[in-house]
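Structure at a glance
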Amino acid sequence: MESQLPAEFIVNINHERCRKCKRCVINCSFSAIEFKDKVTANNRQCVACHRCATFCPENAITIIHNPLDYKDGYNWSPEIRKNILKQAESGGIILTGMGNPRPYPIYWDHMLIDACQVTNPSIDPLREPMELRTYLGAKPEALEFEGDIDNISLKTELAPQVKLDIPIVFAAMSYGAISLNAHKALAMAAKRMGTLMNTGEGGLHEDLAGYTDRIIVQVASGRFGVTSKYLNNSALVEIKIGQGAKPGIGGHLPGEKVGEDISKTRMIPVGTDALSPAPHHDIYSIEDLSQLIYAIKETTDYKKPVSVKIAAVHNVAAIASGIVRAGADIVMIDGFRGGTGAAPMVIRDHVGIPIELALAAVDDRLRQEGIRNRASILVGGSIRQSADVVKAIALGADACVIGTASLIAMGCRVCQKCYTGNCAWGIATQKPELVRRLNPEVGADRLCNLLTAWGHEIQEVLGSLGINAIESLRGSRERLRGVGLSQETLDILGIKHAGIGQ
Amino acid sequence: MRINAKGMHYRPMNKMIRDAVASGEKEFELDNIGGQRYIGAGLNENVKITINGTPGNDLGAFMNGPKIIVNANGQDGLANTMNAGEIIVHGNVGDIIGYGMRGGKFYIKGDVGYRVGIHMKEYKKQVPIIIAGGTAGDFFGEYMAGGIMILLGMNGKSPLVGDYVGTGMHGGVIYIRGKVDPYHLGKEVSCLELSEEDTKLISGYLKEYCEYFGFDFNEVMSAKFTKLVPLSLRPYGNMYVY
């Protein structure tokens, strides 16, 4: 069938500036730029990854949206019509990558952080110590001590804890979804910054052996790469039930991406599909979930905290309560603006709820039930800046998880074509010639810089709040105010409207 | 080491086993077992554990080496994500056995429940194998990505296997002693006759199996087997448009 799909972008090449160095041709991994006497563009192939424009020494390339693609319209927008054409031509589910691009409300941007003034002065973070340290894991009801004042020791036996020097953790992205170099960069940065990276459901590559005390290993329905060694070589173990970008559905790494190395890490033959449907086929109830949690605890001799990751859905508070009662030490909630390597567009864009509301509901419910101390709460799903982290912690999170932001730090241009495996920036690809474009050392430096910068910003905000430890902000919703939100939304978030005093 | 497990909670019992394994103990005999979970979970050494009584769920989960003999029935979740080792059950077992199993042998004398061998995998020479002497429930070999499953139906019950056999299967092979009605099969599998190599392959395992449980090898081999293999390595490859 002949395609009726027009080009989404137009690549403009300024031939007066172009020196014909062909750097753009070499850099384009989507075959959108060719050289025949001069540089020419095949607009239909362009995904706006911006690799060519970034590396053009003459700044001779600009990429614009194709303005004549369709007659404009709000209801039957060009995108909606483009999708209908695609499906009319193929009969397939539309697959897409990265996070939800639709204009749903971003509640972070309608929450403002309080500050101190005269009566309770702010703190100067340049001069005074600011504590960002966080411990993930179940906390006891109370602490008991023994001995006398000169020789006091803790009597209470603590559940295993993982120390984070900054309350920001790298999100679960599997080796397969992203390249080994990207994984290495994340692991190196996690180690250097005293935080964690997450293998996702792809197993642990042997090159990451030196970083295992800074790695979250994941157990999902496909159980790829899972062995007792994998579970024990970790900072903590995460059971993945759901993911924000695609709640209720699973993962699916196509066989053509399963090369020699991924085959070894996932422990499946080369070229086989890695199917990981949503349900764990041994979990149909909270009791079943508890069984898996304790199977992992038995296997790791109760030395590793066990986390359960779920997508933000409307009943998330009750689910989280069940998860905590099932014995999880950490609940990870992923909101519907979260990223992914590949998801059906209909799921990514329309299923799930925003992380802000889910977090507020979960923290509320666990407090009401008196079990908030039994588990740490991690949240992710489009944490874009340090302010989002501060707001999430004030709403009740212990720490935040960043996926897309960490990829952007490494060079990602959010062109949303991860599932094609052609990532021009060497991140979401397994093609050796593209993977080597990402230097893991440079990637790690950029990630460390991002976290360092956010850490400083968080300290500044804490100073303005008159707080010197992130611990003191956790769940302190009184320090947030809403702007432009309905009363119902404010009630769910548990915050007052701006202008209301104590 | 002999442990009388009567009334014992699984946690101290399993810790006792782990600690003894760490200090070099090679053989365990567990008496009066009654539902204790996670026996052998995560053990990496080549120890032998004999269980007298019915163990609880997730026996041998993430196990990587031991040999476990159960002189009774088993419950659910046996050999969950097992990597290597052997489990021999002289009775029936429940549901979801061998989930994501990626190596080792799992022999059951009697029937098996639902969802047996789901997500079973293989990697190079590491090929898991499950043999059951009786019948199986629904979803036998669902999403099977590797390994070998053999179902013998020696107790003459019918049907041999439930519905959705091999749904989503994209690797491995299932041998069923007898005929399978096509309506029991998932869309992703096809039925074949056994080749000489197949017969040779399963004979090796079945000889060992018969020795454990006292079946007559020649009688086992006298019936006709059905071989099930996936139609494609990529059953859902055409579902998507980019």
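Anyway, here's the lowdown on the structure attached to this text. Note that this is a predicted model, so its numbers are computed, not measured.

Okay, the overall build of chain B next. Assigned secondary structure in chain B consists of three helices and 12 strands. What you see for chain B is a C-alpha radius of gyration of 18 Å, in line with the 18 Å of a compact globule of 242 residues. C-alpha atoms of chain B, sized along the principal axes, occupy 50 × 50 × 30 Å. The 242 residues of chain B split such that 58% are buried. A sequence separation of at least 24 residues applies to 43% of the contacts in chain B between residues at least 6 apart.

Take the side chain of Asn422(A) next. Tracing the chain through its elements places Asn422(A) in the loop between helix 12 (404-410) and helix 13 (432-435). Residues in contact with Asn422(A), not counting those within four places in the same chain, are Ser29(A), Phe30(A), Ala428(A), Lys431(A) and Leu434(A).

What follows deals with the interface of chain B and chain A. Chain B puts 40 residues into the contact, and the matching count from chain A is 48 residues. Regarding the contact of chain B and chain A, the summed buried area is about 3,900 Å², with carbon and sulfur atoms giving 56% of it. Of all residues in chain B, Phe62(B), Val241(B) and Tyr242(B) give up the largest surface area on contact with chain A, accounting jointly for 19% of the area buried on that side. Along the contact surface separating chain B from chain A lie six salt bridges.

Residue and element names in this part refer to chain A. Taken as a whole, the second largest pocket holds about 690 Å³ of empty space. Lining the second largest pocket are 34 residues, and of these Glu8, His65, Glu79, Lys82 and Gln416 lie nearest its centre. The biggest single contributor to the lining of the second largest pocket is helix 3 (residues 78-90), with five residues.

Residue and element names in this part refer to chain A. Within strand 18 (residues 330-334), five of the five residues are buried, which leaves the element mostly enclosed by the surrounding structure. Going residue by residue along strand 18, you find Ile330, Met332 and Asp334 tucked away on one face and Val331 and Ile333 tucked away on the opposite face as well. The pairing of strand 17 (residues 306-311) with strand 18 spans five bridges and is parallel. Counterpart to lysine 309 in the pairing with strand 18 is methionine 332. One crossover worth recording links strand 17 to the parallel strand 18 by way of helix 8 (residues 316-325), and it is right-handed.

A word on the sheet that holds strand 12 (residues 240-241) of chain B. Overall, mixed pairing links the three strands, which are arranged 19(A)-5(A)-12(B) in an open sheet. Looking at the sheet topology across the chains shown, the edges are occupied by strand 19 (343-344) of chain A together with strand 12 of chain B. Inspection of the sheet shows strand 5 (residues 93-96) of chain A paired to strand 19 of chain A by two bridges, in the antiparallel sense. Paired with Thr96(A) across the bridge in strand 19 of chain A is Ala343(A).

Bringing the state of the cysteines into the picture now. Residues and elements named next belong to chain A. Taken as a whole and assessed by the stated rule, the structure comprises zero disulfides over all chains. No disulfide involves cysteine 49; its nearest neighbouring cysteine sulfur is the one of cysteine 415, lying 5.6 Å away. For cysteine 49, a relative accessible area of 10% gives the class buried.

On to the packing of aromatic side chains. Residue and element names in this part refer to chain B. In total, this model carries 10 aromatic pairs over all chains according to the counting rule given. Considering the side-chain rings of phenylalanine 139 and tyrosine 164, the 5.1 Å spacing of their centres and the 10° angle between planes classify their relative orientation as stacked. Residue phenylalanine 139 is found in the loop between strand 7 (129-132) and strand 8 (145-151), and its partner tyrosine 164 is found in the loop between strand 8 and strand 9 (171-177); the two are separated by 25 residues along the sequence. Judged by relative accessible area, tyrosine 164 falls into the partly exposed class, the value being 45%. With 4.9 Å between their ring centres and 65° between their planes, tyrosine 209 and phenylalanine 213 make a pair best called edge-to-face. Placement of the pair is tyrosine 209 and phenylalanine 213 together in helix 2 (residues 196-213), with a separation of four residues, close to one helical turn. The exposure class of tyrosine 209 is buried, given its relative accessible area of 0%. Accessibility expressed as a relative area gives 7% for phenylalanine 213, which makes it buried. By the ring-pair criterion, three or more aromatic residues cluster together here, those being Tyr107, Tyr209, Tyr212, Phe213 and Phe215.

The next point concerns the sheet that holds strand 4 (residues 64-70) of chain B. All names here are of chain B. Strand order in the open sheet formed by 11 strands is 1-2-3-4-5-6-7-8-9-11-10, with mixed pairing between adjacent strands. Looking at which strands have only one partner, the edges of the open sheet turn out to be strand 1 (2-4) and strand 10 (189-192). Each strand axis lies, on average, 15° off the axis of its neighbour in the sheet, ignoring direction. Here helix 1 (residues 10-22) sits on the sheet in contact with strand 1 and strand 2 (27-34), set at roughly 175° to strand 2. The strands touched by helix 2 are strand 4, strand 5 (84-89), strand 6 (105-108), strand 7, strand 8, strand 9 and strand 11 (225-230); relative to strand 6, the strand with the most contacts, the crossing angle is about 60°.

Residue and element names in this part refer to chain B. The step from serine 158 to proline 159 runs through a cis peptide bond, and the omega angle for that step is 0°. Tracing the backbone through its elements, the reader meets proline 159 in the loop between strand 8 and strand 9. Although it is not a glycine, threonine 81 adopts a positive phi angle of roughly 55°. Its place among the elements puts threonine 81 in the loop between strand 4 and strand 5. Relative accessible area serves as the criterion here: at 0%, threonine 81 is assigned to the buried category. A positive phi angle is found at lysine 124, which is not glycine, with a value near 50°. Its place among the elements puts lysine 124 in the loop between strand 6 and strand 7.

Reading the values: rules and limits
- Residues numbered from 1 in each chain as written.
- Chains lettered and ligands numbered in written order.
- Predicted model: local features only at pLDDT ≥ 70, side-chain atom pairs only at ≥ 80, totals over all residues.
- Heavy atoms only, no water.
- Helix = DSSP H or I, 4+ residues; strand = E, 2+ residues; numbered from the N terminus.
- Rg over C-alpha atoms; globule rule 2.2 N^0.38 Å.
- Buried < 20%, exposed > 50% of the residue type's maximum accessible area, 1.4 Å probe, protein only.
- Contact = heavy atoms within 4.5 Å.
- Buried area = accessible area lost by both parts, 1.4 Å probe.
- Salt bridge = Lys/Arg side-chain N within 4 Å of Asp/Glu carboxyl O.
- 1 Å grid on protein atoms, 1.4 Å probe; cavity = no way out; pocket = protein on both sides within 12 Å on 5 of 7 lines; lining within 4 Å.
- Points joined across faces, edges and corners; volume = space filled by probe spheres on them.
- Pairing = 2+ DSSP bridges.
- Right-handed = clockwise from strand over helix to strand, strands pointing away.
- Disulfide = S-S within 2.5 Å.
- Phe/Tyr/Trp six-rings, centres within 6.5 Å; stacked < 30°, edge-to-face > 60°.
- Axes fitted to C-alpha atoms, helices over the stretch in contact; angles between N-to-C directions.

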